[in-house]
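# Understanding the architecture of this molecule
Here's the letter readout for the chains.
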Amino acid sequence: MVTVQATTAQAIGHALELQGVSRRFGGLRAVQDVSLSLAPGERRAIIGPNGAGKTTLFNVIAGDLRPTSGTIRFYGDDITHLPPHDRVRRGIARTYQTPLVFPRLSVLDNLYLAVRGVRPRRMSLRRPRASDAEMVRARQLAEQVGLGDAIHALAGALAHGQQRQLELGMALAADPKLLLLDEPAAGLSPGERELLAGLLLGLDPGMTILLVEHDMDVAFRVVRQVTVMHEGRVIAEGTPEEISADEVVQQVYLGSRHD
Ligand SMILES: Nc1ncnc2c1ncn2[C@@H]1O[C@H](COP(=O)(O)OP(=O)(O)OP(=O)(O)O)[C@@H](O)[C@H]1O
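Residues numbered from 1 in each chain as written. Predicted model: local features only at pLDDT ≥ 70, side-chain atom pairs only at ≥ 80, totals over all residues. Heavy atoms only, no water.

Attention now goes to the sheet that holds strand 4 (residues 69-74). Judged by pairing direction, the sheet is antiparallel, and its 4 strands sit side by side in the order 2-1-4-5 without closing on themselves. Two strands bound the open sheet, and with one partner strand each, they are strand 2 (28-38) and strand 5 (77-78). Bridge count between strand 1 (residues 16-25) and strand 2: 7 bridges; the pairing is antiparallel. Paired with Arg23 across the two strands is Val31, which belongs to strand 2. Packed onto the sheet, helix 2 (residues 54-62) meets strand 1, strand 2 and strand 4 and runs at close to 120° relative to strand 1. (Pairing = 2+ DSSP bridges. Helix = DSSP H or I, 4+ residues; strand = E, 2+ residues; numbered from the N terminus. Contact = heavy atoms within 4.5 Å. Axes fitted to C-alpha atoms, helices over the stretch in contact; angles between N-to-C directions.)

The following block contains the structure:
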């Protein structure tokens, strides 16, 4: 029995494992032969200059794009060809560069729907009561992402930073094992970035987080590992301190940004 457990633990040692993942758009190699692995609970950022292939790789991991070649494993299972909703069911949640919320619904209703969406039950025509377990969970999520005082506000009327908080809450409704964040700090004010970094640092330490981010301040505060991409390839991996001190990364990243 001990042997079986040990073997299983070894086999599923990585929360996420990419082997030789590539994605072409016609003749353009947007992602080239990328291999990386995340341990359970690891927090990692993918950074790189414009056009490096970060978003393409992110979409391949989320299942919104098919890789041209390569393998993606999630806790040991090959998910390379699974559609996005099957990945969600397995515990992968994602956010988008532009927050995806229902603008005409309240914060609470958005969260409630997210909770219902991930725990489908038989359909009911009655109005949900605030005591329903899903509604209680929705309120908890609102508190968790700092929107406890805004539950009745329309999502479309929220400030951009609050919409990001709401989208984070909606992603958390799935109790994901892997949270994929697509430029979570994009368009946020310094104060909103601070708030976001605090929220991300406060998440369950067992949750694996992979984020694509331009904002080094937020990314380097929240993650322990950084993967740097350039022209579709991984050119460096290391801690934020190692990456900050890497001259090649500085040249490639900063040089490209000033093109
Ligand atoms: N759907 C698509 N069709 C054709 N080319 C694409 C498509 N999506 C991305 N590309 C190209 O693939 C390359 C990588 O783009 P990608 O958006 O993944 O880079 P990125 O690192 O996320 O850049 P940014 O930081 O600017 O968002 C770019 O040359 C881009 O023009």
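Having seen the model, we can carry on.
What follows covers the site of the ligand. As a structural note, the neighbourhood of the ligand is formed by Phe25, Leu28, Ala30, Pro49, Asn50, Gly51, Ala52, Gly53, Lys54, Thr55, Thr56 and His214. At 3.2 Å from an oxygen atom of the ligand is found a side-chain nitrogen or oxygen belonging to Asn50. A distance of 2.8 Å is found between an oxygen atom of the ligand and a side-chain nitrogen or oxygen belonging to Lys54. Within the complex, 59% of the 630 Å² of free accessible area of the ligand lies under protein. (Near = heavy atom within 4 Å. Polar contact = N/O pair within 3.5 Å; in protein donor to acceptor, adjacent residues only side chain to side chain. Areas by Shrake-Rupley, 256 points an atom, 1.4 Å probe, with all protein chains shown as cover.)

This next bit is on helix 6 (residues 160-172). For helix 6, spanning 13 residues, the distance from its first C-alpha to its last is 18 Å, which sits close to the expected 18 Å at 1.5 Å a residue. By the criterion of burial, helix 6 is predominantly enclosed, with 11 of the 13 residues buried. Buried within helix 6 we find Gly161, Gln163, Arg164, Gln165, Leu166, Glu167, Leu168, Gly169, Met170, Ala171 and Leu172. (Expected span 1.5 Å × (residues − 1). Buried < 20%, exposed > 50% of the residue type's maximum accessible area, 1.4 Å probe, protein only.)

Describing an aromatic ring pair means giving the distance of the ring centres and the angle of the ring planes. Following the criterion strictly, the structure yields 1 aromatic pair and no others. Ring geometry for Phe74 and Tyr75: centres 5.0 Å apart, planes at 85°, overall edge-to-face. Stacked on the ring of Tyr96, the Lys or Arg Arg94 has its end atom at 3.9 Å from the ring centre. Over the ring of Tyr75 we find Lys177, and its NZ or CZ is 5.1 Å from the ring centre. (Phe/Tyr/Trp six-rings, centres within 6.5 Å; stacked < 30°, edge-to-face > 60°. Lys NZ or Arg CZ within 6 Å of the ring centre and 35° of its normal.)

Our next topic: the sheet that holds strand 6 (residues 92-94). Read from one edge to the other, the open sheet built from 6 strands follows the order 6-7-8-3-9-10, with strand pairing classed as mixed. Each of the sheet's edge strands pairs with one partner strand only, and the pair in question is strand 6 and strand 10 (233-238). Averaged over all adjacent pairs, the angle separating strand axes in this sheet is 20°, with direction ignored. Sheet topology note: the strand 3 (residues 43-47)/strand 8 (residues 208-212) ladder contains 4 bridges and is parallel. Bridged to Ile46 within strand 8 is Val212. Relative to strand 7 (residues 178-182), helix 6 is tilted by about 155°, and along the sheet it contacts strand 6 and strand 7.

As a further point, take the pattern of salt bridges. Taken as a whole and judged by the stated rule, the model has 9 salt bridges. For Glu134, the salt bridge goes to Arg116, with nearest N and O atoms at 3.9 Å. With Glu134 in helix 5 (residues 133-144) and Arg116 in helix 4 (residues 107-118), this residue pair connects regions lying 18 residues apart in the sequence. A salt bridge links Asp175 to Arg137; the shortest N-O distance between them is 2.9 Å. Here Arg137 lies in helix 5 and Asp175 lies in the loop between helix 6 and strand 7, a separation of 38 residues in the sequence. Among the charged side chains, a salt-bridge network with shared partners connects Glu42, Arg44 and Glu237. (Salt bridge = Lys/Arg side-chain N within 4 Å of Asp/Glu carboxyl O.)

Counting buried residues in helix 2 gives 8 out of 9 residues, a clear majority hidden from the surface. Within helix 2, the full set of buried residues consists of Lys54, Thr56, Leu57, Phe58, Asn59, Val60, Ile61 and Ala62. Positioned one or two residues after helix 2, Gly63 has a phi angle of 95°, which is positive.

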